[in-house]
Amino acid sequence: EAGVAQSPRYKIIEKRQSVAFWCNPISGHATLYWYQQILGQGPKLLIQFQNNGVVDDSQLPKDRFSAERLKGVDSTLKIQPAKLEDSAVYLCASSLGAGGAYEQYFGPGTRLTVT
Amino acid sequence: SQQGEEDPQALSIQEGENATMNCSYKTSINNLQWYRQNSGRGLVHLILIRSNEREKHSGRLRVTLDTSKKSSSLLITASRAADTASYFCATDAGGAQKLVFGQGTRLTINP
């Protein structure tokens, strides 16, 4: 079974520029998550989709971050404009269903450096 | 918001020894999960334990859950160099449809 795919793996941009990340979840997984992980910390949920609807985006900085899940499959996360504090690893994960009873499968992440 | 807190933040032991990590949380849960993250990689699920369970095993891993103390522990027996990683607990506080991760314990296994 193919895992969660993410691209790019690394990205370096200057502050105020824009950047987009792509995620392809495991086939058949209804729930997709985007996490932000700052060095030395645990992952912080940015947004959670159930099929193509948003379940939770309470910690998404909506003035600069946006995300969509096309046709309930692939997803993109965009930052515009980027700030220095956005430097982090952005992790995508998917699961069969929503909630703590479901194991989440993580992609390798995209390491973003904002200079 | 922080739900799970791992303790210790860092742990260094010799290969072959046992490693114990603890997780405390604030709000009642339905499920608690443990994940491992090797350097520079995504997280990998280890064990899920439900609130009505007290102990679960998976290979060299043993997880306990004490809901009265709002705490869980992860025990790795007979540690190996490949166990060097960060370990995170994650909970669904109050039955939320999401997981909240702790800050993690960085485990180093010395040869």
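Note: the structure precedes this text.
Anyway, here's the lowdown on the structure attached to this text. Every chain is numbered independently, its residues counted from 1 as its sequence is written. Throughout, the order in which chains and ligands are written sets their labels, letters from A for the former and numbers from 1 for the latter. In keeping with the model being predicted, local features are shown solely for residues with a pLDDT of at least 70 and side-chain atom pairs are shown and tallied solely at 80 or more, while totals for entire chains, interfaces and linings include all residues. Each side-chain value is worked out from all heavy atoms of the structure, with water and hydrogens disregarded.

### So, the overall build of chain B
How we decide: Here a strand is any run of E in DSSP of at least two residues, a helix any run of H or I of at least four, and the numbering for each starts at the N terminus. Radius of gyration: over C-alpha atoms. The globule rule applied is 2.2 Å multiplied by the number of residues raised to the 0.38 power. Only protein chains enter the accessibility calculation, which uses a 1.4 Å probe; a residue is then buried when its area is under 20% of its type maximum, exposed when over 50%, and partly exposed in between. Contact between two residues is taken to exist if any of their heavy atoms lie within 4.5 Å; hydrogens are not considered. What sets the accessible areas is the Shrake-Rupley method with a 1.4 Å probe; for residues, cover comes only from the shown protein chains. Positive charge is attributed to Lys and Arg, negative charge to Asp and Glu, and no charge count is given to His or to the chain ends. Charge coordinates come from a single atom per side chain, which is NZ of Lys, CZ of Arg, CG of Asp or CD of Glu.
What chain B contains, in helices and strands, is zero helices and eleven strands. Helices and strands in chain B line up, N terminus first, as β-β-β-β-β-β-β-β-β-β-β. Relative to the 2.2 N^0.38 estimate, which gives 13 Å for 111 residues, the radius of gyration of chain B is 13 Å and therefore close to what a compact globule would have. Expressed as lengths along the three principal axes of its C-alpha atoms, the size of chain B is roughly 40 × 25 × 20 Å. Expressed as a percentage of the 111 residues in chain B, the buried residues total 46%. Nonlocal contacts in chain B, meaning residues at least 24 apart in sequence, comprise 55% of its contacts between residues at least 6 apart. For chain B, the accessible surface area stands at approximately 5,200 Å², while carbon and sulfur atoms represent 43% of it. Here chain B holds 13 positive side-chain charges and 10 negative ones, and the gap between their average locations is 4 Å.

### Here's the deal with the pairing of strand β4 (residues 29-37) of chain B
On a regular strand, each side chain points to the face opposite its neighbour's, so the side chains alternate between the two faces of the sheet. We apply this condition: DSSP bridges decide pairing: two strands pair if at least two such bridges lie between them.
Most of β4(B) sits out of view: seven of its nine residues are buried. In textbook terms, the turn of a hairpin is the stretch between consecutive antiparallel strands, and for β4(B) and strand β5 (residues 43-50) of chain B this stretch comprises five residues, one of which, Gly40(B), has a positive phi near 75°.

### What to know about the state of the cysteines
Cysteine pairs can be covalently joined through their sulfur atoms, and such a bond is termed a disulfide. As a reminder, the rule being used: Cysteine sulfur atoms are paired as a disulfide whenever they come within 2.5 Å of each other.
All chains considered together, the criterion is met by two disulfides over all chains. Each sulfur in the disulfide pair Cys23(A) and Cys92(A) lies 1.9 Å from the other. What sets the handedness of the Cys23(A) and Cys92(A) disulfide is the S-S torsion sign, and at about -70° it is left-handed. With Cys23(A) in strand β3 (residues 19-24) and Cys92(A) in strand β9 (residues 88-95), the pair connects residues that are 69 residues apart, well separated along the chain. Here Cys23(B) engages in a disulfide with Cys89(B); their sulfurs sit 2.0 Å apart. Given an S-S torsion of about 65°, the disulfide between Cys23(B) and Cys89(B) has right-handed geometry. Placement of the pair is Cys23(B) in strand β3 (residues 19-25) and Cys89(B) in strand β9 (residues 85-93), with a sequence separation of 66 residues. A single burial state applies to Cys23(B) and to Cys89(B), both of which are buried.

### Description of the sheet that holds β3(A)
All names here are of chain A. Let me state the cut-off plainly: Here the axes come from fitting lines to C-alpha atoms, over the contacting stretch only for helices, and the angles between their N-to-C directions go from 0 to 180 degrees.
The four strands are arranged β1-β3-β8-β7 in an open sheet whose pairing can be described as antiparallel. In this open sheet, the two edge strands, each paired with only one partner strand, are β1 (5-7) and β7 (65-69). Sheet twist, expressed as the mean angle between neighbouring strand axes with direction ignored, is 15°. Where β3 lies against strand β8 (residues 75-79), five bridges are found, and the strand directions are antiparallel. Each residue of the ladder has a partner; that of Ala20, found in β8, is Lys78.

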